[in-house]
Structures are given as C-alpha cells and as structure tokens.
Amino acid sequence: MRYENVLATIGNTPLIHLSRITKDLPAKIYGKVEAYNPGQSAKDRTALFMVEQAEREGLIKPGDTIVEATSGNTGYSLAMICSLKGYRCVLTVSSKASQEKLSLLKAMGAEVVVCPADAAPEDPRSYYSRAKQLSEDIPGAYYLAQNFNLNNSKAHYSSTGPEIWEQTEGKITHYVCCAGTGGTLSGTARYLKEKNPDIKIIAVDAYGSVLKKYWETGEFDQSEIYPYKVEGLGKTIIPGNVAFDLIDDFIKVTDRSSAHRARQLARQEGLLVGYSSGSAMQAVFRLKEQLKPTDVVVALFPDHGTRYLGKIYNDEWMKQQGFMQQPAPLNGEHPHP
Ligand code: PMP
C-alpha cells in the first residue's frame, strides 16, 4: 500500500485469533491488536480525531500549541500528529510512566513535564492541574482534555467499532476492553450495541481505581484509590468518556496477573503487547465459566510491548514486585497488598 503520510496509516488494525493461550477456553477469542497503528497504540485514533475535530471547529490552527495530560500513549500519538501538522506539543505525564515512554515522547519532539503520580487530581502538582495551568499560561494553547473531550470516544465509534463488526462478520458476542479515559471502551461499545444490543460489553479496571465501584454504586469512593502498576488502565477521577450505561460487567484485575498474561501472549502467541493488554487477556480468562463454544470474544490490546521492556518484560523488575514467585491465577484473584 502507498500512503499520503503517516497519519493515513492509522486504524484498520488486524484482528488476530489467539489459538494457543486460550486452548482451555470454550469460545473463539481474538485480539484487536492496536500496536499496528503507526504510533503503536489505540491512541493514534483518538488523538487524530480530537485534533482534526478541533481544526474543523476552528479552535486550533498550525503554529498553535496543543497541551495534554497523558499516561504516555496519547502523548506519543499527539506528538506524531503535531510534528506532521506543525503544532507545538506540550505534555504533562505521570511519574508512573515508564522511561521508555518518556524517551519516545521526546524523540517525537514533544516537550514533557513529569508530575508526581501520587498527587491527587485537584492538587496543583498533578498532571491534570499542570496541563490546565500550562494551557492558560501559554498564548494560543489548546488543552485537548481527553478524559472529558467526547471526540475521544467518537473516534472509536467511527473506526474501532465498525472494524470489529466487519472483521467478525457481525458474530462478536463479547467485547473486552480496558477503561482508562473510557474512550476506547465506550465509542466501540456504542457502535457494537447499536448493531446488536445482545453483545456483552466487559470493562476492565485496575485494583486501585474508582471506576468499577462507581459503576456499581454511582458513588465516588476515595477508599478505592491506592497505587498500582498497570499503566493506562483505571482512573482516580470519573472521566466524562466512560459510558457506564453500556457496560454489562466490570472486571478488576491485578498487576500480577496482567503482567503474567502479557508475558504469556508474547511466549505463546508471538504478540509483544503492553501491560494493559495483559489485563484485558486476564479478564477474558475470568469469563471462562460463562463462555460457550459458539461465542466470539474480542479483547482489545491497547499498545505495544516495547514500551514495557524495563518492566513486565524484565525478570529483575518482576522479581522486585514479587510477581515471579507466583504465576497468574487462572480464575479468581485477589487484590494485591
Ligand atoms: N491501556 C493503555 C496502555 C493506555 O495508554 C490507555 C489509555 N490511557 C488505556 C489502556 C485505556 O484506554 P482509554 O483511555 O481509551 O480508556
């Protein structure tokens, strides 16, 4: 294929049958592998859609500055888009993001401001507050605000959803997707439910995040919040992009099982995917009891494994976390200490 520029290669990622890792599961399981995007994550779709929508609405023009608070992947996609379109890109990043992710952002020409991961969202040092402040301080700056910008989920309504529907020839029965901002989950889920309301939408959350509890009770429970290792998955705020009404089940997974599942995907399926892809895979295993041979499950794998070489793909790091001693439990699991 020949393309006009790198942005034209965003989307149309492959749906890959996972035959070995899932041999004990009764259904057909597929991975929607978003690492095939040029920025190696699903965030290429979101960032491009949000920037182009802002351009269409006359909110930004080349030469302006785009500011965003990001765990890294949105930042990389934005930096790529900004290089091509001629914007300055300023990113506030949580100190939890891996070194590899920070180097990637800088390689792509972004200006990176690292903010303490333990600062509460309303704390002026948090990466949310800093992004907002920078967008007010820098003349001509525009804050994309992916958590509340509904063009985030619209990006997936218009691309990821239709792709999965076509790739499964309408046979999909379960969609398993991590929730961070909620964009990937909600946009895709809305499209799929419109096509077939019986499709089960399974959201994946981290222990240490408020999302599942909020879905269950409608209340923001501060006591749910504590540090965890998986990046991109879960939230300590309630983002406007999570369509809670579309979710049929919410599954929390641990740092440990997410890491082991990602490693298993590499060793058994030849897929070097990111940490939260392991979370999605673990959630599929947790569905085991409810799956039937005719079911078609699609798990979305948000990003590429190279971004975690110093973490889950590093045995020393795994030992330091105490993850090597015990493999991932197959079914039930307990929150980490
Ligand atoms: N996994 C990774 C690695 C991510 O970067 C993100 C995005 N923050 C997610 C999962 C969650 O995606 P979303 O923000 O669309 O909910």
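Rules of the game
- Residues numbered from 1 in each chain as written.
- Predicted model: local features only at pLDDT ≥ 70, side-chain atom pairs only at ≥ 80, totals over all residues.
- UniProt positions renumbered as here; feature names shortened; annotations may be inferred.
- Helix = DSSP H or I, 4+ residues; strand = E, 2+ residues; numbered from the N terminus.
- Contact = placed C-beta atoms within 7 Å.
- Pairing = 2+ DSSP bridges.
- Axes fitted to C-alpha atoms, helices over the stretch in contact; angles between N-to-C directions.
- Right-handed = clockwise from strand over helix to strand, strands pointing away.
- Core = buried A, V, L, I, M, F, W, Y, C linked by C-beta atoms within 7 Å.
- Buried ≥ 20, exposed ≤ 12 C-beta atoms within 10 Å, placed from the backbone.
- Expected span 1.5 Å × (residues − 1).

- Under the annotation held in an unreviewed UniProt entry, the protein chain carries the name cysteine synthase and is attributed to Phaeodactylibacter xiamenensis.
- Per UniProt, the protein chain has the following entry under Sequence similarities (unreviewed entry): "Belongs to the cysteine synthase/cystathionine beta-synthase family."

## Regarding the environment of Ile138
- Along the chain, the position of Ile138 falls in the loop between α4 (127-137) and β6 (141-143).
- A C-alpha to C-alpha distance of 9.8 Å links Ile138 and Ile66, two positions 72 residues apart in sequence.
- What Ile138 contacts, discounting residues up to four positions off in sequence, is Thr65, Val67 and Val90.

## Examining the sheet that holds strand β1 (residues 15-17)
- Spatially, six strands are ordered β1-β2-β10-β7-β8-β9 in an open sheet, and the strand pairing comes out mixed. Only two strands of the sheet have a single neighbouring strand rather than two, namely β1 and β9 (249-253). Put simply, the sheet's adjacent strands are angled 25° from each other on average, direction ignored.
- Where β1 meets strand β2 (residues 28-33), three bridges bridge the pair, whose relative direction is antiparallel. Across the sheet, the residue bridging to His17 is Tyr30, located in β2.

## Side note on the pairing of β9
- Judged from the five bridges that link them, strand β8 (residues 200-206) and β9 form a sheet pairing that is parallel. The residue of β9 that forms the bridge with Ile202 is Asp249.
- On the question of chirality, the crossover connecting β8 to the parallel β9 by way of helix α8 (residues 211-217) is right-handed.

## Re the nonpolar core
- Tyr175, Val176, Val204, Ala280, Val284 and Ala299 are the most contacted members of the largest nonpolar core, which totals 53 residues.
- Elements with a minimum of two residues in this core: β2, α6 (160-167), β7 (174-178), α7 (183-195), β8, α9 (255-269), α10 (275-286) and β10 (296-301).
- At six residues, α10 tops the list of elements feeding residues into this core.
- In contact with Val284, other than residues within four places in its own chain, are Ile29, Val176, Val297 and Ala299.
- In terms of nonpolar packing, the next biggest core, distinct from the first, is built from 34 residues, Cys82, Ala97, Ala110 and Cys115 among them.

## Digging into helix α2 (residues 73-85)
- Helix length check: α2, at 13 residues, gives a terminal C-alpha distance of 18 Å against a target of 18 Å (1.5 Å per residue), a fit within 8%.
- In terms of burial, α2 is a largely internal element, eleven of the 13 residues being buried.
- Taken residue by residue, α2 has Asn73, Thr74, Gly75, Tyr76, Ser77, Leu78, Ala79, Met80, Ile81, Cys82 and Lys85 as its buried positions.
- At its buried positions, α2 is contacted by α1 (43-56), β3 (65-70), β4 (88-94) and α3 (99-107).

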